[in-house]
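As a plain string of letters, each chain reads:
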Amino acid sequence: MFKYESIAADIQNKIYSGVYQADTKLPQETELCKLYDASRITVREALDNLVRQGLITRRRGAGTYVKPIVGENLDPELLARSQQFGGFTSDMKGRKVESEVHEFTLLRAPIKVAEKLQVSEDAFVCYICRTRFVDGEPYVVEYTYMPTDFISGITEEVVNHSIYAYIEGTLKLKIKSAHRSTRADMPTEQELKWLQIKKGEMPVLEIEQTAYLDDGRIFEYSKSRHRADCFILHTVSVR
């Protein structure tokens, strides 16, 4: 094992064990160099490794922080990495995917959304509410918030198709990772209509997600509310 790998593994263990808490700043590179008796190049390589794993993020001018993972009391050993980074349209490749857009607007970030996207509370964000259909059947209602400073130029045409394809294909940004939590809930009165569910027929499965680019920037905070009979979560558990 190279030294940068052992440093990365030690920091990873400290994140998983709670020594370094979510959304807290890691020690400065100079401190890490002293702690591990390593050069700055080696320490940076170790941190780059952790960025690629989606465990830490660099905030311009502020330092390096542990990424917040969605959901309370999450057991780090059960942390799952979804393979579904291509977005809903990519997941349903080969099938006809359509969108019914209920709302598409700019609004001031609600407090929780500002915290999740790490933007100021007076910042404007892009808000999209839409139902996604597969082969004519409603599958999921998505409530999505995105920052407007680097996720720009989204149009109604983009929203009606694939936002992720636009981000990677047009904006040339690379989607890297997503932190998610899943819970069961009963659909709202509006979701009953959108998802064509009878009252009391079935729950929805909600995915709360914070998604990251390869440079650590958060580009999405969303909640997706899936029909329980149309959703399967595929994960790979890692230690």
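Would you explain the overall build of the protein chain in this entry?
Counting its secondary structure elements, the protein chain contains eight helices and ten strands. Expressed as a percentage of its 239 residues, the buried residues of the protein chain come to 44%. When contacts within the protein chain are restricted to residue pairs at least 6 apart in sequence, long-range pairs at least 24 apart make up 63% of them. For the protein chain, the exposed area adds up to about 13,000 Å²; of that, 49% sits on carbon and sulfur atoms.

Would you explain the pairing of strand β8 (residues 204–213) in this entry?
Taken across its ten residues, β8 has nine buried, putting it largely inside the fold. Inspection of the sheet shows strand β7 (residues 175–185) paired to β8 by ten bridges, in the antiparallel sense. Bridge assignment links A178 to a residue of β8, and that residue is A211. Bridging between β8 and strand β9 (residues 218–227) involves nine bridges; their strand directions are antiparallel. Paired with E208 across the bridge in β9 is K223. Between the end of β8 and the start of β9, which pair antiparallel, lie four residues, with G216 showing a positive phi angle near 90°.

Whenever I open this one, the side chain of E191 confuses me. Can you help?
As for its position among the elements, E191 is in helix α8 (residues 189–194). Not counting residues within four places of it along the chain, the set of residues in contact with E191 comprises V141, Y143, Q196 and R225.

Any chance you could explain the pairing of strand β5 (residues 124–134) here in plain terms?
In the case of a regular strand, side chains alternate between the two sheet surfaces. A large share of β5 lies buried, amounting to ten of its eleven residues. One ladder, built from eleven bridges, connects strand β4 (residues 97–108) with β5; its direction is antiparallel. Counterpart to S99 in the pairing with β5 is R132. With ten bridges connecting them, β5 and strand β6 (residues 137–147) associate as antiparallel partners. Paired with T131 across the two strands is V141, which belongs to β6. Between the antiparallel neighbours β5 and β6 lie two residues, among them D135 with a positive phi of about 50°.

Any chance you could explain the packing of aromatic side chains here in plain terms?
One pass over the structure, following the stated rule, counts four aromatic pairs. Ring geometry for Y127 and Y145: centres 4.8 Å apart, planes at 35°, overall tilted. Taken together, the positions of Y127 in strand β5 and Y145 in strand β6 put the pair 18 residues apart, joining distant regions of the chain. Exposure remark for Y127: the relative accessible area of 10% places this residue in the buried category. Taking 6.5 Å as the distance between ring centres and 25° as the angle between the ring planes, the aromatic pair formed by Y145 and Y221 counts as stacked. Here Y221 lies in strand β9 and Y145 lies in strand β6, a separation of 76 residues in the sequence. The same class applies to Y145 as to Y221, namely buried.

Explanation requested: the confidence of the model for the protein chain in the structure shown.
In regions of low pLDDT, the predicted coordinates are not meant to be interpreted in detail. Summing up the model confidence of the protein chain, the mean pLDDT is 85 and the portion of residues at 70 or higher is 87%. Here strand β3 (residues 80–82) stands out as the least confident element of the protein chain, with mean pLDDT 39; α8 is the most confident, with 97. Segment residues 70–84: pLDDT under 50, and 31 contacts once partners within four positions in sequence are set aside and those in other chains are kept.

Reading the values: rules and limits
- Residues numbered from 1 in each chain as written.
- Predicted model: local features only at pLDDT ≥ 70, side-chain atom pairs only at ≥ 80, totals over all residues.
- Heavy atoms only, no water.
- Helix = DSSP H or I, 4+ residues; strand = E, 2+ residues; numbered from the N terminus.
- Buried < 20%, exposed > 50% of the residue type's maximum accessible area, 1.4 Å probe, protein only.
- Contact = heavy atoms within 4.5 Å.
- Areas by Shrake-Rupley, 256 points an atom, 1.4 Å probe, with all protein chains shown as cover.
- Pairing = 2+ DSSP bridges.
- Phe/Tyr/Trp six-rings, centres within 6.5 Å; stacked < 30°, edge-to-face > 60°.
- pLDDT = per-residue confidence, 0-100.

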